[in-house]
Amino acid sequence: MLDSAEPYTTEDGRTIGPVVMEMKNITLRFGGVVAIQDISFDIREGEIRAIIGPNGAGKSSMLNVISGFYNPQDGEVWYKGEKRPSLKPYQVAQQGIARTFQNIALFEGMSVLDNVMTGRIRQMSAGLVAQAIWKGKAEREETENREAVERVIDFLEIQHIRKTPVSRLPYGLKKRVELARALAAEPSILLLDEPMAGMNVEEKEDMSRFILDVNDEFGTTIALIEHDMGVVMDLSDRVVVMDYGKKIGDGTPDEVRRNQDVIDAYLGVAHD
Amino acid sequence: MFYREAGDFKTSYAEDSQTFPIKFDRYRYYVVLLIAFAVVPFIINDYWVNAVFLPFLIYAIAAIGLNILTGYCGQVSLGTGGFMAVGAYACYKLMTSFPEVSILIHVILAGGITAAVGVVFGLPSLRIKGFYLAVATLAAQFFLVWIFNRVPWFYNYSASGQISAPERTVLGVSVTGAETAPWAAYMVCLVFLTLSAILARNLTRGMAGRKWMAIRDMDIAAEIIGVDPLKAKLSAFAVSSFFIGIAGALFFAVYLGAVEVGEAFGITKSFLVLFMVIIGGLGSIFGSFAGAAFLVLLPVLLKNLLVGGLGWPTDLAAHLEFVIVGALIIAFLVAEPHGLAQLWRVAKEKLRLWPFPH
């Protein structure tokens, strides 16, 4: 068993940091329905952590627990070595946890640039009066954060649609803009809820490349939910498998692939 | 031909995020300002000021205020009349209690007081949305008008229940009261409108505006990326009410001079400003101007046309005016639901390509 405070090196030479977030015995109920039952797992710094499972397994609920949208009835969330009290979603965001949504949740009435700029809320603190006068701190902040946003825009190759209203964009680009918005926050943990849902092969390849590049270049810790097994097994360092709200597997992609419970519940076997 | 952004290169982000990024727009804006400040005051007479310019300038401030709340932050409000009344009565109490202080400061303070009242009546918006919030702000409208009618302290125990503006001067020129010259009243309102528009524009192009629009477009996603909905909504109510309060104070002190609350700030005023915002364009400062101009000018235009041009009897023209304005509003909203500001945007996009649109 690995020490949670110690970094380690993977087989392909990547260095994975210590544990940054730990879920301890999380249980989440909606009335009589148990969405998540007594699940524990951890996320290490700099790794790509996947959560997989059949429909209704509780994956999105798990992501919602991490991002503070749901408060679990039982269990604890530990973040950066401290137990996290029950927070409002915007407070969790302020702590540096950003996410994208399964069904794109962009601000349709705003331009791409404004959408990505909203990701910088955590870094901007000028008061209302300063902003109204548009001098001093407010103006400086606006320019500095614009620079940071432009780096993200460059990185994700969406320069050409900067000033376009989001409502005019096609689906694939919207997904990318949403990733840009989350990335602009310079999060310590980036949560991606089905980043490849509804994409064709080419778009999936693009998105996979962006996810790997983000992880590689910025060292961002990523937790993602995805249904495409090929993608998950290729991208992730470690995988949590859920089924009916329970954890049935946890480990490297290879370990998970060989796990009999996982094969029965989710992967299945080839009939020959 | 001349409306181009080609060749107008931006070398800094500050330049790119300015209000008028296209050079031609910027020059046109300076020309409009120049005419408004340096030409109009010398040529206007009493009729033009009272029938057209003062209502336009004051309603434009109110429309900017409501546009911030409804257009940018997505919170529908039917309490504009009530908030204007707060501005008017706050200004009146300040004017009569501290006669030695400048009227300009009173108007700004009246805006501040209205902002505080707006925040209180904005509290329900944290729980309720859409039509239900509209009903809650309707309660504010009726409550505020009622309290200004019923508590004599607000109108200094005057026998008529009215409030009337005492004479006040700015730099030796009287701007309220019977002695006011048309150009002086015009200038005061113009200065307030110009400053309001600049402040509102700065707020809406910066982080505050982005937070408001995020709440408007998808409140759950806004919260997940770090917008505190409480602060965002209440700040929208505060800023919006601030401008509406200023509009109310000017409406009472500079435009009407004497006010009876139910008559001047009734529910019809709330609807009028809301129509301006909708017709002008939600989420656009220019739209607030356009909407105010449309609804102030149209009746004046129709009256001149029907009575002056066609020689119809005044009462018939007055009734027909309602019918025509109403029909035009409907026709207009069917043709362009996003308002005059959208028409303007489309026109500009066409103009950029003209005369070679391919």
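The structure displayed is predicted, hence computed values, not measured ones.

(A) Main features of helix α10 (residues 229-256) of chain B. All names here are of chain B. Between the first and last C-alpha of α10 there are 38 Å, a value that for 28 residues agrees with the 40 Å anticipated at 1.5 Å per step. The sharpest bend along α10 comes to roughly 30°, located at leucine 250. For α10, a buried count of 23 out of 28 residues is recorded, marking the element as mostly surrounded by other parts of the structure. Just beyond α10, the residue with positive phi is glycine 257, at close to 85°.

(B) Highlighting the confidence of the model for chain B. Looking at chain B, pLDDT values average 88 and 97% of them are 70 or higher. The ipTM, which scores confidence in the relative placement of chains, is 0.88 for this predicted complex, and the corresponding pTM is 0.90.

(C) Spotlight on the sheet that holds strand β8 (residues 97-99) of chain A. All names here are of chain A. Read across the sheet, six strands follow the order β8-β9-β10-β5-β11-β12 without closing on themselves; strand pairing throughout is mixed. Strand pairing shows two members of the sheet lacking a second neighbour, β8 and β12 (246-251), which therefore form its edges. Between one strand axis and the next, the sheet turns through 20° on average, direction left out of account. In terms of strand pairing, strand β11 (residues 238-243) meets β12 through five bridges, oriented antiparallel. Following the sheet pairing, methionine 242 is matched in β12 by lysine 247.

(D) Structural view of the interface of chain A and chain B. With 33 residues of chain A in contact, the opposing surface of chain B contributes 24 residues. Counting residues per element, the side of chain A that touches chain B draws most heavily on helix α5 (residues 137-155) of chain A, which supplies six residues. Considered class by class, the residues forming the side of chain A that touches chain B number 17 nonpolar, seven polar and nine charged.

(E) Molecular detail of the packing of helix α12 (residues 267-280) of chain B against helix α13 (residues 285-309) of chain B. All names here are of chain B. Look at α12 against α13: their axes get within 7 Å of each other, and the N-to-C directions meet at 120°. Judged by the angle between their axes, α12 and α13 are oblique. Relative to α13, α12 is oriented so that their crossing is right-handed. Here Leu272, Phe275, Met276, Val277, Ile279 and Gly280 of α12 lie close against α13, whose contacting residues are Gly287, Ser288, Phe289, Ala290, Gly291, Ala292, Phe294 and Leu295.

(F) Representation of the sheet that holds strand β7 (residues 82-83) of chain A in the model. An order of β4-β3-β6-β7 (chain A) is seen for the four strands of this open sheet, with the pairing classed as antiparallel. The sheet is open, and its two edges are formed by β4 (33-44) and β7 of chain A, each paired on a single side.

(G) Structural view of the nonpolar core. Residue and element names in this part refer to chain B. Among the nonpolar cores identified, the biggest contains 173 residues, and Ile58, Ile61, Ala88, Cys91, Cys189 and Leu250 are the most heavily contacted of them. A total of 17 residues in this core trace back to one element, the largest contributor, which is α10. Ignoring any residue separated from it by four or fewer positions in sequence, one finds isoleucine 58 in contact with Cys189, Ala247, Leu250, Phe251 and Tyr255.

(H) Representation of the environment of glycine 111 of chain B in the model. Looking at the element boundaries, glycine 111 of chain B is found in helix α5 (residues 103-122). The residues contacting glycine 111 of chain B, other than those within four sequence positions of it, are Gly87, Phe242, Phe243, Gly245 and Ile246 of chain B.

(I) View of α12 of chain B. All names here are of chain B. The terminal C-alpha atoms of α12 lie 20 Å apart, and with 14 residues this matches the ideal 20 Å at 1.5 Å per residue to within 8%. Every buried residue belonging to α12 is among Lys269, Ser270, Val273, Leu274, Met276, Val277, Ile278, Ile279 and Gly280, and all of these are buried. On its buried face, α12 is in contact with α3 (46-72), α4 (80-97), α6 (130-150), α13, α14 (314-335) and α15 (339-353). Two residues or fewer past α12, glycine 281 is found with a positive phi of approximately 135°.

(J) Fine view of the pairing of β11 of chain A. Residues and elements named next belong to chain A. For β11, a buried count of five out of six residues is recorded, marking the element as mostly surrounded by other parts of the structure. Of the strand pairs in this sheet, strand β5 (residues 48-52) and β11 are connected by four bridges, and their pairing is parallel. Bridging across to β11, isoleucine 52 finds its partner in valine 241. Between β11 and β12, which pair antiparallel and follow one another directly, the connecting turn spans two residues, one of which, tyrosine 244, has a positive phi of 45°.

Here is what the cut-offs are and how they apply
- Residues numbered from 1 in each chain as written.
- Chains lettered and ligands numbered in written order.
- Predicted model: local features only at pLDDT ≥ 70, side-chain atom pairs only at ≥ 80, totals over all residues.
- Helix = DSSP H or I, 4+ residues; strand = E, 2+ residues; numbered from the N terminus.
- Expected span 1.5 Å × (residues − 1).
- Bend = angle between axes of the 7 residues up to and from the residue.
- Buried ≥ 20, exposed ≤ 12 C-beta atoms within 10 Å, placed from the backbone.
- pLDDT = per-residue confidence, 0-100.
- Pairing = 2+ DSSP bridges.
- Axes fitted to C-alpha atoms, helices over the stretch in contact; angles between N-to-C directions.
- Contact = placed C-beta atoms within 7 Å.
- Nonpolar A, V, L, I, M, F, W, Y, C, P; charged D, E, K, R; others polar.
- Parallel < 35°, antiparallel > 145°, perpendicular 65-115°, else oblique.
- Left-handed = near helix turned anticlockwise from the far one by under 90°.
- Core = buried A, V, L, I, M, F, W, Y, C linked by C-beta atoms within 7 Å.

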